[in-house]
Amino acid sequence: MSSALTDLFPFPIVQAPMAGGVSVPQLAAAVCEAGGLGFLAAGYKTADGMYQEIKQIRSLTGRPFGVNVFMPQPEYADPAAVDVYAHQLAGEATWYEAELGDPDSGRDDGFEAKLVVLRDNPVPVVSFHFGVPSREVVDTLHRVGTFVLAAATTPDEARAVEQVGADAVIAQGIEAGGHQGTHRDVPETDGSGLGLLSLIAQVREAVSIPIVAAGGIMRGGQIAGVLAAGASAAQLGTAFLATPESGANALHKRALTNPLFVRTELTRAFSGRPARGLVNRFVREHGPYAPAAYPEIHHLTSPLRKAAAKAGDAQGMALWAGQGHRMARELPAGQLVEVLAGELASARASLTGGGVL
């Protein structure tokens, strides 16, 4: 990674931006203070809501941090398919005594308004998910001193990230929890994503910009592994989800290691886009029938997810988690960064000393 970007955080540890209230300022600040790069998640927030969180994190830490922004989505959903799915969810609405949301509640997540805030109030790092910003957008952020990153799930997507002038690419393996950052949502490719190590190798040969590796990383030894494979830093989400600073619902945190939830899978059940989460009743009953319709399905199911959380029913919640979820540790975020850094150092010493990782 370029020395200028590396200098922002002493340890090659990035806390993934987790939308939906998980990546709160307290979490990101704790990671930054411990020597990692903490991230705020602007997804599903208004531009002013994002700005308020930026002000809050600045009151908590003087260290560099990042903000993640969702790219606007093209209109390709089939309204009839969305209606059919809404009828299927009628029983859920009755059960939770909630109304289904309006699928036409907005497509761009306040993208332009957020860019205005980020240009007028520059932050050290901005990353993009669900696509690639234009070169003009990247250039305007560069002019105010912001480093730009974007997610990619294939070598071709990584090339697109490099072509717009981004400073680094976030290579997201299929092991990752939450939404896959695919640039185009193609249902025919569901489940065919690349594992992280294979992805790093292919992206390394496809682009010359630095790589941040993301997907199922829970231990310092894994960080050492992705660094050895060619990444410059590792991005961890699920590992930080269980920390006390995380804004995740307590049910969600407990579910990570609850023996009731034995596996994860990619599902469109809650949002209409592939996202990895713990398999619960909602995923089993509705996942096979959810159409490719993001953010329509996200808006549709939002009241159901909130009602399930209020009722204390984890079987109706979106329990986003990566494949390493059972390795989650309930440590304070700053302590977790220190533990990961220690594990990384030990793994590197083992490698250089001829030991086994």
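See above for the structure.
Our subject in this report is the structure included herewith. (Residues numbered from 1 in each chain as written. Predicted model: local features only at pLDDT ≥ 70, side-chain atom pairs only at ≥ 80, totals over all residues. Heavy atoms only, no water.)

With that settled, consider the layout of surface pockets. A volume near 1,000 Å³ is recorded for the largest pocket. What lines the largest pocket is a set of 49 residues, and nearest its centre among them are M18, A19, G20, V22 and W320. Counting residues per element, the lining of the largest pocket draws most heavily on helix α14 (residues 296-310), at six residues. Size it by volume and the second largest pocket reaches roughly 420 Å³. Surrounding the second largest pocket, 23 residues form its lining, T182, T189, D190, S192 and G193 being those nearest its centre. Contributing elements (two or more residues each) for the lining of the second largest pocket: α8 (155-163) and β10 (264-267). Classifying every residue of the lining of the second largest pocket gives five nonpolar, 12 polar and six charged. (1 Å grid on protein atoms, 1.4 Å probe; cavity = no way out; pocket = protein on both sides within 12 Å on 5 of 7 lines; lining within 4 Å. Points joined across faces, edges and corners; volume = space filled by probe spheres on them. Helix = DSSP H or I, 4+ residues; strand = E, 2+ residues; numbered from the N terminus. Nonpolar A, V, L, I, M, F, W, Y, C, P; charged D, E, K, R; others polar.)

Here the focus is the environment of R281. Relative to the helices and strands, R281 resides in helix α13 (residues 281-286). Separated by 110 residues in sequence, R281 and A171 place their C-alpha atoms 31 Å apart. Aside from chain neighbours lying at most four places away, what touches R281 is E92, Y96, Q315 and G316. (Contact = heavy atoms within 4.5 Å.)

Moving on: helix α2 (residues 25-33). Side chains of residues three or four places apart in an α-helix project in the same direction, reflecting 3.6 residues per turn. Counted residue by residue, α2 has seven buried out of nine residues, so it is predominantly covered. Taken together, the buried positions of α2 are occupied by P25, L27, A28, A29, A30, V31 and C32. In this structure, the buried side of α2 is in contact with β1 (13-15), β2 (39-41), α3 (47-60), α11 (238-241) and α15 (333-352). Backbone geometry just downstream of α2 places G35 in the positive-phi region, at approximately 110°. (Buried < 20%, exposed > 50% of the residue type's maximum accessible area, 1.4 Å probe, protein only.)

Moving on, we get to the packing of aromatic side chains. Within this structure, the stated rule accounts for six aromatic pairs. Relative to F70, the ring of Y44 lies with its centre 5.2 Å away and its plane at 80°, an arrangement referred to as edge-to-face. Of the two residues, Y44 is situated in the loop between β2 and α3 and F70 in strand β3 (residues 66-70); the sequence distance between them amounts to 26 residues. One aromatic cluster is present, built from ring pairs that chain together Y44, F70, F130 and Y294. (Phe/Tyr/Trp six-rings, centres within 6.5 Å; stacked < 30°, edge-to-face > 60°.)

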